[in-house]
Amino acid sequence: KGCRFCRVGGKDCQSFFLTGDTDHEACEPFCREKDKDTHCGMCKCKGCGFCKALARASVSQASAPSLPACYSGRKQDSLVEKCDPFCKVEQKDDHCGQCKCKACRFCGDVCDSGIPG
């Protein structure tokens, strides 16, 4: 049982997206390069050329500082902390729980547990 397939629990591919994701790398029609922060984290999209290029680039830049990895469990969220233009201080209770907004300055006063302070 030393094969790669057995070491990853019987799956050729693993991702954070358990519901509805495949157990093998593919490039399904919905996968889009403009959404690569989210899509390339799914096995359904890891087989796409733009995801393979992203994976190669991150391996070759392993020594360069990178954005913090992030997982909120929310559908369509980013896998890295960012501050997207839609993020609003008025909605920080909701927005700061999303990886797409965690890097915003106004989210700095909320710790990872979601408890202010």
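Since we're looking at a predicted model, the values are computed, not measured.

What counts, and where the lines are drawn
- Residues numbered from 1 in each chain as written.
- Predicted model: local features only at pLDDT ≥ 70, side-chain atom pairs only at ≥ 80, totals over all residues.
- Heavy atoms only, no water.
- Helix = DSSP H or I, 4+ residues; strand = E, 2+ residues; numbered from the N terminus.
- Polar contact = N/O pair within 3.5 Å; in protein donor to acceptor, adjacent residues only side chain to side chain.
- Contact = heavy atoms within 4.5 Å.
- Disulfide = S-S within 2.5 Å.
- Buried < 20%, exposed > 50% of the residue type's maximum accessible area, 1.4 Å probe, protein only.
- Lys, Arg positive; Asp, Glu negative; His and termini not counted.
- Salt bridge = Lys/Arg side-chain N within 4 Å of Asp/Glu carboxyl O.
- Core = buried A, V, L, I, M, F, W, Y, C linked by side-chain atoms within 4.5 Å.

Student: Sorry if this is basic, but what is going on with the side chain of Thr 22 here?
Tutor: By the secondary structure assignment, Thr 22 is in the loop between helix H1 (4-7) and helix H2 (36-39). A distance of 2.6 Å separates a polar side-chain atom of Thr 22 from the backbone oxygen of His 24. The residues touching Thr 22, leaving out its near neighbours within four places in the chain, are Cys 13, Glu 28, Cys 43 and Lys 44.

Student: Explain the state of the cysteines to me, please; I cannot follow it from the model alone.
Tutor: As used in these notes, a disulfide is a covalent bond between sulfur atoms, one from each of two cysteines. In total, this model carries 7 disulfides according to the counting rule given. Here Cys 27 connects covalently by a disulfide to Cys 48, the sulfurs 2.1 Å from one another. Its S-S torsion of approximately 100° makes the covalent link between Cys 27 and Cys 48 right-handed. In this pair, Cys 27 sits in the loop between H1 and H2 while Cys 48 sits in the loop between helix H3 (43-46) and helix H4 (49-60), placing the two residues 21 residues apart along the sequence. Residue class for Cys 27 comes out partly exposed when judged on its relative accessible area of 47%. Residue Cys 48 is classed as buried on the basis of its relative accessible area, which comes to 1%.

Student: Looking at this structure, I do not really get the environment of Gly 108. What am I missing?
Tutor: For Gly 108, the location among the structural elements is in the segment after helix H5 (92-95). Along the backbone, Gly 108 and Cys 96 are 12 residues apart, and their C-alpha atoms lie at a distance of 8.7 Å.

Student: Where do I start with the side chain of Asp 21 in this structure?
Tutor: Mapped onto the secondary structure, Asp 21 falls in the loop between H1 and H2. Among buried charged residues, Asp 21 stands out as having no salt bridge; its nearest opposite-charge side chain is Lys 44, 5.5 Å away. A polar contact is formed between the side chain of Asp 21 and the backbone nitrogen of Cys 43, at a distance of 2.9 Å. Here the side chain of Asp 21 touches Lys 44 through a polar contact of 3.0 Å, landing on its backbone nitrogen.

Student: Just checking my understanding: could you explain the pattern of salt bridges for this structure?
Tutor: What the rule picks out here adds up to 5 salt bridges. One salt bridge in this structure joins Asp 35 and Arg 32, with 2.3 Å as the shortest N-O distance. Lys 82 serves as the salt-bridge partner of Asp 84, at 3.6 Å between the closest nitrogen and oxygen.

Student: What is the right way to look at the nonpolar core in this model?
Tutor: Nonpolar side chains in soluble globular proteins generally cluster together in the buried interior. If you look at the biggest cluster of nonpolar residues, it comprises 6 residues: Cys 31, Cys 40, Cys 45, Cys 48, Phe 50 and Cys 51. Apart from the residues lying within four places of it in its own chain, the contact partners of Phe 50 are Cys 31, Arg 32, Glu 33, Lys 36 and Cys 40.

Student: Help me out: how do you make sense of unusual backbone geometry in this one?
Tutor: Most peptide bonds take the trans configuration, and most residues that are not glycine carry a negative phi. Unlike most non-glycine residues, Gln 76 shows phi in positive territory, near 65°. Positionally, Gln 76 belongs in the loop between H4 and H5. A relative accessible area of 42% means that Gln 76 is categorised as partly exposed.

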